[in-house]
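# Survey of secondary and tertiary structure
One-letter residues, chain by chain:
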Amino acid sequence: MSKRIGILTSGGDCPGLNAIIRAVVKCSSQKGWDVYGIPYGTQGFLRLANGNCHSQDFELREHCYDLPGLLHGIDILQFLSGSILGSLSKGTSGDQAIADTIIRGYQDLKLDALIAVGGDGSLDIIYDLAQQGRWNIVAIPKTIDNDVPFTERSVGFDTAVDKVTSALYDLTFTAASHDRTIIIEVMGRNAGHLALSSGIAGGADVILIPELVPKIDEDLITNICLRIAQLRQSGRKFALVVIAEGVRNHAGERQKAIAEYLTTQINETSQKLSFTEKLEFCDLHKIETRSLILGHIQRSGTPSSYDRLLAATFAKKAADLIAEENYNQLVVWQNGEVQIQSLDKVVSHIKKRHQLGICPNPVDANGFLVQTAGSLGIYLGENPIPH
Ligand code: F6P
């Protein structure tokens, strides 16, 4: 049966969004369905309802992204990061008139179903609109933060881990050449998944994530300095410290440029420590630090094969769900395969966590990745270092 399917990408972009769109278009065209790409998340419905664009502008066809000349036929979309639709996580700010207009835009497009690609914040926003407008919705999780609950993986995370790991590799050589400690700030919002996975894969000496280190206190700084001193004693003169942006300052507040903040603290404390008799041998006064914020480069680049595979399998599952008219589901990755989870359950979990100011899907503080980091001798800030 012919259907009209909408797809939108919402929230921060990440590699793999275009791969999802491509796969949705391919799966749908096999079923004979028409696909409409909604620009800028739910704002596209608003534009349509306000007469700022036409429904024909939204049509997505399998070969409309072909390259020119001899490159004609190359299906480039799956390799490109960003989103051809644009991505915006703007809610209605509680304005019912805006919500009603968005809902009218959905109706104007005469959609049978909508595939919403989003992270925890966007799912929360879109779910409310979907409830009000009685939309037939299926959602696909994406985010470099990997903090969507009930899924082990979201599209975009794997590529971001690769990006940070590769930055750590590059920084290793300059750090080693100058006997420096380099402090790298990694994204992740309130979750430490990106910092932890890339820190392990990239050979970090210290990894600080909000789940284990809620704030930077004096003991923590001392312990980091001691860890660096230990490394120096063992002959490794440089160090790589990965800090997740969600780690708070000494007052427990969110700090812009937390890596720079930590750098200042390490410099001050290592100076002080270097004058204590016990630690004279550690050369702590010679610690030279540099910090950097990796920033939005973590959201760029060709999606990894794993992210493209997730994108393809999630898109197929979303299309299957629509064919079965099994709506209000989030497609998830659990135990190595694609599964589904009721959006009611997912969003009520997200809302509760957001109200409490807690990450909806934090790193498991006792999980195997944390244990692995500990076993590799990576300092995670949890234990005092003996000196
Ligand atoms: O949620 C993805 C993310 O990249 C976070 O890791 C980061 O905190 C945030 O978005 C940055 O948002 P913006 O692009 O609005 O600066």
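First, a word on what this report is: a plain description of the structure on this page. Remember, it's a predicted structure, so these values are computed and weren't measured experimentally.

## Digging into the overall build of the protein chain
Assigned secondary structure in the protein chain consists of 11 helices and 11 strands. In summary, the protein chain has a C-alpha radius of gyration of 23 Å against a globular reference of 21 Å for 387 residues, a match within 12%. Here the C-alpha coordinates of the protein chain stretch approximately 80 × 50 × 40 Å along the principal axes. The buried share of the protein chain, reckoned over its 387 residues, is 53%. When the accessible area of the protein chain is evaluated, it comes to approximately 17,000 Å², of which 49% is carbon and sulfur surface.

## Quick notes on the site of the ligand
Neighbouring the ligand are I144, D145, M187, G188, R189, E245, H296 and R299. Between an oxygen atom of the ligand and a side-chain N or O atom of E245, the distance comes to 2.5 Å. For the ligand, an oxygen atom lies 2.8 Å from a polar atom in the side chain of H296. Protein chains shield 68% of the accessible area of the ligand, which is 400 Å² for the free molecule. Classifying every residue of the shell around the ligand by side-chain character gives 2 nonpolar, 2 polar and 4 charged.

## Some points on the packing of helix α1 (residues 17-31) against helix α9 (residues 305-324)
Any two packed helices are characterised by how steeply their axes cross, that is the angle between the axes, and by the distance between the axes. Here α1 crosses α9 at 40 degrees, and the two axes come no closer than 8 Å. Between α1 and α9, the angle is such that the two are oblique. Here α1 runs over α9; the crossing is right-handed. Contacts from A19, I20, A23, V24, C27 and K31 of α1 reach α9 at R308, A311, A312, A315, K316, A319, D320 and A323.

## A few points about the sheet that holds strand β5 (residues 137-141)
One open sheet accounts for 7 strands, arranged β3-β2-β1-β4-β5-β10-β11; its pairing is mixed. Among the strands making up the open sheet, the edge pair consists of β3 (59-60) and β11 (337-342). Across 2 bridges, β5 lies against strand β10 (residues 329-334) in parallel orientation. When the bridges of β10 are listed, V138 appears paired with Q329. Contacts from α1 reach β1 (4-9), β2 (34-37), β3, β4 (113-118) and β5 within the one sheet, and its direction differs from that of β1 by about 175 degrees.

## Quick word on the nonpolar core
Core analysis: the biggest nonpolar cluster contains 85 residues, and I7 and L262 have the highest contact counts within it. If you count residues domain by domain, this core takes at least three from each of domain 1 (4-156 + 303-355) and domain 2 (159-300 + 365-375). Apart from residues lying up to four places away in sequence, I7 is in contact with I20, I21, V24, V35, Y36, G37, I38, L60, L85, L114, I115 and V117. Within the second largest apolar cluster, 31 residues are counted, among which are Y36, A130, L343 and V346.

## Concerning the pairing of β5
Counting buried positions along β5 yields 5 of 5 residues, so the element is predominantly enclosed. The alternating pattern of β5 places I137, A139 and P141 and V138 and I140 on opposite faces, both of which are buried. Pairing of β4 with β5 involves 5 bridges; the strand directions are parallel. What sits directly across from I115, in β5, is V138. Traced from β4 through helix α4 (residues 120-133) to β5, the parallel crossover comes out right-handed.

## A look at the pattern of salt bridges
Under the criterion given, the structure shown has 14 salt bridges. In this structure, D128 and K351 form a salt bridge, with 3.0 Å as the shortest nitrogen-oxygen distance. Of this pair, D128 sits in helix α4 while K351 is found in helix α10 (residues 343-356), placing the two residues 223 residues apart along the sequence. A single network of salt bridges, built from pairs that share partners, joins R22, K26 and D75.

## Quick notes on the packing of aromatic side chains
Evaluation of the coordinates by the stated rule reveals 4 aromatic pairs. With 5.6 Å between their ring centres and 65 degrees between their planes, F45 and Y106 make a pair best called edge-to-face. Within this pair, whereas F45 is found in helix α2 (residues 43-49), its partner Y106 is found in helix α3 (residues 96-108), the two being separated by 61 residues in sequence. Each of the two residues, F45 as well as Y106, counts as buried. Centroid distance Y169 to F173: 5.1 Å. Interplanar angle 75 degrees. Geometry classified as edge-to-face. Taken together, the positions of Y169 and F173, both in helix α5 (residues 157-177) and 4 residues apart, correspond to about one turn of that helix.

Definitions and limits used
- Residues numbered from 1 in each chain as written.
- Predicted model: local features only at pLDDT ≥ 70, side-chain atom pairs only at ≥ 80, totals over all residues.
- Heavy atoms only, no water.
- Helix = DSSP H or I, 4+ residues; strand = E, 2+ residues; numbered from the N terminus.
- Rg over C-alpha atoms; globule rule 2.2 N^0.38 Å.
- Buried < 20%, exposed > 50% of the residue type's maximum accessible area, 1.4 Å probe, protein only.
- Areas by Shrake-Rupley, 256 points an atom, 1.4 Å probe, with all protein chains shown as cover.
- Near = heavy atom within 4 Å.
- Polar contact = N/O pair within 3.5 Å; in protein donor to acceptor, adjacent residues only side chain to side chain.
- Nonpolar A, V, L, I, M, F, W, Y, C, P; charged D, E, K, R; others polar.
- Axes fitted to C-alpha atoms, helices over the stretch in contact; angles between N-to-C directions.
- Parallel < 35°, antiparallel > 145°, perpendicular 65-115°, else oblique.
- Left-handed = near helix turned anticlockwise from the far one by under 90°.
- Contact = heavy atoms within 4.5 Å.
- Pairing = 2+ DSSP bridges.
- Core = buried A, V, L, I, M, F, W, Y, C linked by side-chain atoms within 4.5 Å.
- Domains from an automatic or database assignment.
- Right-handed = clockwise from strand over helix to strand, strands pointing away.
- Salt bridge = Lys/Arg side-chain N within 4 Å of Asp/Glu carboxyl O.
- Phe/Tyr/Trp six-rings, centres within 6.5 Å; stacked < 30°, edge-to-face > 60°.

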